[in-house]
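A closer look at the structure
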Amino acid sequence: MKLFDIILFALVLVTFIIGIDQAIVVGIAESYWIFMFSLALLFLYGYRKGQRQAKEKEELKSSGKQKKKKQKHG
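Just so we're clear, the structure is a prediction, and the values are computed from it rather than from any experiment.

1. Digging into the packing of aromatic side chains
Note on aromatic pairs: each is described by the distance of the centres and the angle between the planes. For the structure shown, the criterion picks out two aromatic pairs. On the basis of an interplanar angle of 45° and a centroid distance of 5.1 Å, the ring pair of Phe 9 and Tyr 45 is categorised as tilted. Of this pair, Phe 9 sits in helix H1 (residues 3-25) while Tyr 45 sits in helix H2 (residues 32-73), placing them 36 residues apart in sequence. Residue Tyr 45 is classed as buried on the basis of its relative accessible area, which comes to 11%. With centroids separated by 5.7 Å and ring planes inclined at 70°, the aromatic side chains of Phe 16 and Phe 35 adopt a geometry described as edge-to-face. You can see Phe 16 sitting in helix H1 and its partner Phe 35 sitting in helix H2, a full 19 residues away along the chain. With relative accessibility at 17%, the residue Phe 35 sits in the buried group.

2. Quick look at the side chain of Asp 5
On the secondary structure map, Asp 5 appears in helix H1. Accessibility expressed as a relative area gives 2% for Asp 5, which makes it buried. Among the polar contacts made by the side chain of Asp 5, one reaches the side chain of Arg 52 at a distance of 2.5 Å.

3. Side note on H1
Taking 1.5 Å of rise per residue, 23 residues should cover 33 Å, and H1 covers 33 Å from first to last C-alpha, within 8% of that figure. Looking only at H1, the buried set comprises Asp 5, Leu 8, Val 12, Thr 15 and Gly 19. Positive backbone phi, approximately 110°, marks Gly 27, located one or two places after H1.

4. What to know about a nonpolar patch on the surface
On the surface, a cluster of nonpolar side chains totalling about 770 Å² of accessible area is made up of Phe 9, Leu 13, Ile 17, Tyr 32, Met 36, Leu 39, Leu 42 and Phe 43. At the level of secondary structure, the elements contributing two or more residues to the nonpolar patch comprise H1 and H2. Looking at which element gives the most residues to the nonpolar patch, the answer is H2, with five residues. You can see Leu 42 is positioned in helix H2.

Thresholds applied
- Each chain carries its own residue numbering, running from 1 in the written order of its sequence.
- The predicted nature of this model means local features are confined to residues of pLDDT at least 70 and side-chain atom pairs, given and counted, to a pLDDT of 80 or more, with totals for whole chains, interfaces and linings taken over all residues.
- Think of the side-chain values as coming from all heavy atoms in the structure, minus any hydrogens and water.
- Pairs were defined over the aromatic rings of Phe, Tyr and Trp, the Trp ring being its six-membered one, requiring ring centres within 6.5 Å. Orientation was assigned from the angle between planes: stacked under 30 degrees, edge-to-face over 60, tilted for the rest.
- Numbering goes from the N terminus for both helices and strands, where a helix is a DSSP run of H or I of at least four residues and a strand is a run of E of at least two.
- Each residue gets one of three labels from its accessible area relative to the maximum for its type: buried under 20%, exposed over 50%, partly exposed in between, using a 1.4 Å probe on protein chains only.
- Contacts described as polar in this section are N or O atom pairs within 3.5 Å, which, within protein, must combine one atom able to donate a hydrogen with one able to accept it, while residues neighboring in sequence count only if both atoms come from side chains.
- To estimate how far a helix should reach, multiply one less than its number of residues by 1.5 Å.
- Residues enter patches when they are more than 30% accessible in relative terms and free of salt bridges; like-charged ones are connected within 9 Å and nonpolar ones (Val, Leu, Ile, Met, Phe, Trp, Tyr) within 5 Å.
- The method behind every accessible area is Shrake-Rupley, applied with a 1.4 Å probe, and residues are considered shielded solely by the protein chains displayed.
- Salt bridge criterion: a side-chain nitrogen from Lys or Arg within 4 Å of a carboxyl oxygen from Asp or Glu.

Coordinates in, geometry out; function isn't part of it.
Structure representation (structure tokens):
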């Protein structure tokens, strides 16, 4: 996990907690934008995580193919 992803996830948690606090203090209608910002950050985190996992899977596939080629020629 990259540092940026850790910071992004921490921001998701912090904005959600702030949203809950503001919902209690001023009401849900006034703090709606905070929840939406938190949700947008969560989607961004999920997207980056998915991209990273797909890249790792592709690297494993390509390294496996290279090993098979070396074994056939070796």
